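Residue-level listing of the chains:
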Amino acid sequence: MILSLANRFLTLERDEGPGEVLARGGDPEAHGILERSGFVPVVRVHEVYHRLPIGLDPVGETRLATRAVARLRTAGCPLR
């Protein structure tokens, strides 16, 4: 599988609109880490990204996002 350089980097941020924590980009290894860390894959016609489950309180969001970033860094996944 060939990934573009733009998709190599993973971006983790809070979406301004609904306020969801989203992860975009990354390779299949990063996607697996995100899913094992509690992120939910979202597959649309023109994009695939991950988000935290709906209904988490701010403490839960911070805990899951922090765990995911630590795992991604340990695996050497490039973050932006």
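All of these numbers come straight from a predicted model, not from anything done at the bench. (Residues numbered from 1 in each chain as written. Predicted model: local features only at pLDDT ≥ 70, side-chain atom pairs only at ≥ 80, totals over all residues. Heavy atoms only, no water.)

## Considering the sheet that holds strand β4 (residues 48-51)
Where we set the bar: Following DSSP output, two strands are said to pair if at least two bridges run between them. Helix and strand assignments come from DSSP, with helices taken as H or I runs of at least 4 residues and strands as E runs of at least 2, each series counted from the N terminus. Under this scheme, a helix contributes an axis fitted over its contacting stretch, all axes are lines through C-alpha atoms, and angles between N-to-C directions fall in the 0 to 180 degree range. Two residues qualify as a contact provided that any one of their heavy atoms is within 4.5 Å of a heavy atom in the partner residue.
Judged by pairing direction, the sheet is antiparallel, and its 4 strands sit side by side in the order β1-β2-β4-β3 without closing on themselves. With partners counted over all chains shown, the strands left at the sheet margins are β1 (10-14) and β3 (40-43), one partner each. Across the sheet, the axes of successive neighbouring strands diverge by a mean angle of 25 degrees, strand direction being ignored. Direction of pairing for β3 relative to β4: antiparallel, over a ladder of 4 bridges. Of the residues in β4, the one forming a bridge with Val 43 is Val 48. Seen against the sheet, helix α2 (residues 28-36) touches β1, β2 (21-25), β3 and β4 and runs at an angle of roughly 25 degrees to β4.

## Examining the environment of Tyr 49
How we decide: Type-normalised accessible area, obtained with a 1.4 Å probe on protein chains alone, sets the label of each residue: buried when under 20%, exposed when over 50%, and partly exposed for intermediate values. Residues adjacent in sequence count toward polar contacts only when both atoms are side-chain atoms; beyond that, a polar contact is any pair of N or O atoms within 3.5 Å, and within protein one must be able to donate a hydrogen and the other to accept it.
Within the secondary structure layout, Tyr 49 lies in strand β4. For Tyr 49, a relative accessible area of 7% translates into the label buried. In this structure the C-alpha to C-alpha distance between Tyr 49 and Leu 10, which are 39 residues apart in sequence, comes to 9.9 Å. Once residues lying within four places of it in the same chain are set aside, the contact partners of Tyr 49 are Leu 22, Ala 23, Arg 24, Val 40, Pro 41, Val 42 and Arg 44. A polar atom in the side chain of Tyr 49 sits 3.2 Å from the side chain of Arg 44.

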